[in-house]
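# Inside the fold
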Amino acid sequence: MARVCFTVQVDPARLAEYRQRHTPVWPEMLREIEASGRRNYSLFLRDDGLLIGYYETDSDEASAAYLARSEVAARWEASMQGFFLDLDRRADEAATVVPEVFNLKQQLGAL
């Protein structure tokens, strides 16, 4: 299982609207995320616009490929593109992956 953490920068002037767009996310987009194999998916947003995302999946490559082919995901990402700073492509493709350096369950299991 892959555990993926990523960051992107949301325009600080648009934080309220960004939060509103996620309350709720389109039902068809939620189903596409689930169908892609992503689970335990969360987004966290700081007041300076730093967006931190986390999800788990059996294959990040397969999940990303599924969403790249999805018409629903393409529409969602196009509708969200204006919220992000300094991106030249879809936010889900341009996000910076943050390497995991500690996992409590793994270390406890190794004891």
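Anything mentioned here points back to the structure above.
Keep in mind the model is a prediction, meaning the values are calculated, not measured.

### Quick notes on a nonpolar patch on the surface
- A cluster of nonpolar residues, V101, F102, L104, L108 and L111, forms a patch on the protein surface that exposes about 630 Å² of accessible area.
- Locating L108 in the fold gives a position in helix α6 (residues 104–110).
- Relative accessible area serves as the criterion here: at 51%, L108 is assigned to the exposed category.

### Focus: the nonpolar core
- Among the nonpolar cores identified, the biggest contains 20 residues, and V10, Y18, M29, L51, M80, F83 and F84 are the most heavily contacted of them.
- Secondary-structure elements contributing two or more residues to this core are β1 (2–9), α1 (15–21), α2 (27–35), β3 (50–57) and α4 (71–80).
- Broken down by element, the residue count for this core peaks at 4 residues, all from α4.
- Residues contacting F83, with those up to four places away along its chain left out, are Q9, V10, D11, R14, E17, Y18 and R21.

### Structural notes on the packing of aromatic side chains
- Applying the stated criterion across every chain, the model contains 6 aromatic pairs.
- Centre to centre, the rings of Y18 and F84 are 5.9 Å apart; their planes meet at 80°, and the pair counts as edge-to-face. In this pair, Y18 sits in helix α1 while F84 sits in the loop between α4 and α5 (91–94), placing the two residues 66 residues apart along the sequence. Across this residue pair, the class does not change: Y18 and F84 are buried.
- Pairing Y41 with Y55 gives two aromatic rings, centres 5.2 Å apart and planes at 40°, and the pair type is tilted. Of this pair, Y41 sits in strand β2 (residues 39–45) while Y55 sits in strand β3, placing them 14 residues apart in sequence.
- The class for Y41 is partly exposed, based on a relative accessible area of 33%.
- For Y55, a relative accessible area of 4% corresponds to the buried category.
- Counting every residue linked through ring pairs, the aromatic cluster contains F6, Y41 and Y55.

### A closer look at the pattern of salt bridges
- Here the structure, examined in full by the defined rule, presents 12 salt bridges.
- The partner of R3 in a salt bridge is E56, with the nearest N and O atoms 3.9 Å apart. You can see R3 sitting in strand β1 and its partner E56 sitting in strand β3, a full 53 residues away along the chain.
- Judged by its relative accessible area of 34%, R3 is partly exposed.
- We classify E56 as buried; its relative accessible area is 14%.

The rules we used
Residues numbered from 1 in each chain as written. Predicted model: local features only at pLDDT ≥ 70, side-chain atom pairs only at ≥ 80, totals over all residues. Heavy atoms only, no water. Patch = residues over 30% accessible without salt bridge, like charges linked within 9 Å, V, L, I, M, F, W, Y side chains within 5 Å. Areas by Shrake-Rupley, 256 points an atom, 1.4 Å probe, with all protein chains shown as cover. Salt bridge = Lys/Arg side-chain N within 4 Å of Asp/Glu carboxyl O. Helix = DSSP H or I, 4+ residues; strand = E, 2+ residues; numbered from the N terminus. Buried < 20%, exposed > 50% of the residue type's maximum accessible area, 1.4 Å probe, protein only. Core = buried A, V, L, I, M, F, W, Y, C linked by side-chain atoms within 4.5 Å. Contact = heavy atoms within 4.5 Å. Phe/Tyr/Trp six-rings, centres within 6.5 Å; stacked < 30°, edge-to-face > 60°.

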